[in-house]
Amino acid sequence: MQKLVSLSLLIVLTACSSQSLREQAAVLPETLPSAVDVNVQWWQVLGDETKKNQFGQLAPAVHGGRVFVPLADGDIVELNGQGTEVSRISVGQTITAPLAMTDEFRIALDSKGVAHAFNGSFKALWSTPIKSLATRAAVISNDRVFVQTIDGRITALERLTGRLLWSYQDAEPALTLTGTAQPMLVPTQQGDILVTGLANGKFIALNSLNGSLVWEYRIAKATGKTEISRLVDVDSKVTMIDGLLVVTGYQGGLVIINPENGAMVANKPFSSYRAVAINGPNVYGVLDNSHIVALETNTLAQAWVNSDFEYRQISDVVVLGQYLIASDIEGYLHVLDNQTGEWLGSRHIDWQGSNSYPVPFESGVLLQGYSSRIKYVTIN
């Protein structure tokens, strides 16, 4: 059976293996910076306050001005723009991933390894066993649904019926992070490809029609004598800039790839399991030690680095106007100046912590925590 290691355990063990020291998360000061106001506009407690989803990064999906919140107890809650509950359905099992949504089609993934399809009114259409846990949202095309699971498989289902069309699986290491990359459909001159990262350090492109391998690029190569030191998971979401793919890997680099042929355009040492955010002259990312870094888009030279949140398991970052927003494992939301990296303000959003990430909504962000609270926050 494949072994998995949680992110929190990973941080301790990698530190022990490399430095014989246990890395300590930075302690926030009693008085937090207050150069900006972090305002909670509305909030809701939607479920069991003691229920935790230890696997996925549950996060709300925003569609058509509504907010759709998956809960660890198996409910999907629809909120309007004012945070009022509009509807609620039960999937019947713990939900392990954010929802995938189009106007007329939705996919929820549960802890039993089942993909559930609904129409735009959340009427059940079909359910298909994929026989493994998924922690990232499915990808929906005109005629297919793609799901990546923690056993390293990528599965394609027929959108109309849920019938299995193909699956792809590469060799997996004995020990991996608990989670996967987020697949993305990318159009190319040869047709649509599905790109994603794997736990063996590869970044791959598959033919979306038949699942055949189009190209692969190794982001990171396993080195070291222990399984922990050899972790090379590519678990981040993919970002695109000017038609090129931008991806990071743990104990690897930040790599820019041409989707047409898999050729590397640029490569910079940058160990991370978070996606980058791109805004004008800068690329923003989070290193594996939770240092937040800005790189110049054209040269990938470092513009600034913020180390205030070291080892606090900082989330993917979100650009909101002049600000950079991120959350941490203790449930705090942090605001930085995106030009200088200065820490401007923070607010404790969830008392039980959060393994989620900020989701842009209207003029602010949403954050979902372990306590089943969801809050809509603006910055002034």
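Structure first, text after, so check above.
Please read all numbers here as calculations on a predicted model, not as lab measurements.

Asker: Describe the side chain of Arg 136, listing the residues and the values that go with them.
Answerer: For Arg 136, the position within the fold is in the loop between β10 (124-129) and β11 (139-140). Salt bridges are absent for the buried Arg 136, whose nearest opposite-charge side chain, Asp 316, sits at 4.9 Å. Here the side chain of Arg 136 touches Thr 180 through a polar contact of 2.9 Å, landing on its backbone oxygen. If we ignore the near neighbours within four places in the chain, the residues touching Arg 136 are Gln 57, Ala 97, Pro 98, Leu 109, Thr 180, Ala 181, Gln 182, Asp 235, Ser 236 and Lys 237.

Asker: Could you give an account of the sheet that holds strand β30 (residues 332-337), naming the residues involved and the relevant values?
Answerer: Taken in spatial order, the 4 strands of this open sheet run β28-β29-β30-β31, and their pairing is antiparallel. The sheet is open, and its two edges are formed by β28 (318-320) and β31 (343-348), each paired on a single side. Neighbour to neighbour, the strand axes of the sheet diverge by 25° on average, direction disregarded. In the sheet, β30 pairs with β31 via 5 bridges, with the strands oriented antiparallel. Residue pairing across strands places Tyr 332 opposite His 348, the latter belonging to β31.

Asker: I'd like a description of the pairing of β10, backed by residues and values.
Answerer: For strand β9 (residues 114-119) and β10, the ladder comprises 5 bridges, and the chain directions are antiparallel. Each bridged residue has a counterpart across the sheet, and for Val 114 the counterpart in β10 is Pro 129. The antiparallel pairing of β9 with β10 creates a hairpin that spans 4 residues between the two strands, and Phe 122 there sits at a positive phi of about 65°.

Asker: So what's going on with the sheet that holds strand β13 (residues 153-158)? Residues and values would help.
Answerer: Pairing in this open sheet of 4 strands is antiparallel, and the strands run β11-β12-β13-β14 from one edge to the other. A single partner strand is all that each edge strand has here, and the edge strands are β11 and β14 (164-169). Note: β11 against strand β12 (residues 144-148), 2 bridges, orientation antiparallel. Bridge pairing in β12 links Ile 140 to Val 145.

Asker: Summarise the packing of aromatic side chains; cite the residues concerned and give the values.
Answerer: Taken as a whole and assessed by the stated rule, the structure comprises 10 aromatic pairs. A centroid spacing of 6.0 Å and a plane angle of 45° characterise the contact between Phe 146 and Trp 166, whose relative ring orientation is tilted. In this pair, Phe 146 is assigned in strand β12 and Trp 166 in strand β14, connecting sequence segments 20 residues apart. As far as burial versus exposure is concerned, Phe 146 and Trp 166 are alike and both buried. By the ring-pair criterion, three or more aromatic residues cluster together here, those being Trp 42, Phe 361 and Tyr 376. Between Lys 237 and the ring centre of Tyr 357, over which it is positioned, the NZ or CZ distance is 4.0 Å. Geometry around Trp 43 places Lys 375 over its ring, the cationic atom sitting 5.6 Å from the centre.

Rules of the game
Residues numbered from 1 in each chain as written. Predicted model: local features only at pLDDT ≥ 70, side-chain atom pairs only at ≥ 80, totals over all residues. Heavy atoms only, no water. Helix = DSSP H or I, 4+ residues; strand = E, 2+ residues; numbered from the N terminus. Buried < 20%, exposed > 50% of the residue type's maximum accessible area, 1.4 Å probe, protein only. Lys, Arg positive; Asp, Glu negative; His and termini not counted. Salt bridge = Lys/Arg side-chain N within 4 Å of Asp/Glu carboxyl O. Polar contact = N/O pair within 3.5 Å; in protein donor to acceptor, adjacent residues only side chain to side chain. Contact = heavy atoms within 4.5 Å. Pairing = 2+ DSSP bridges. Axes fitted to C-alpha atoms, helices over the stretch in contact; angles between N-to-C directions. Phe/Tyr/Trp six-rings, centres within 6.5 Å; stacked < 30°, edge-to-face > 60°. Lys NZ or Arg CZ within 6 Å of the ring centre and 35° of its normal.

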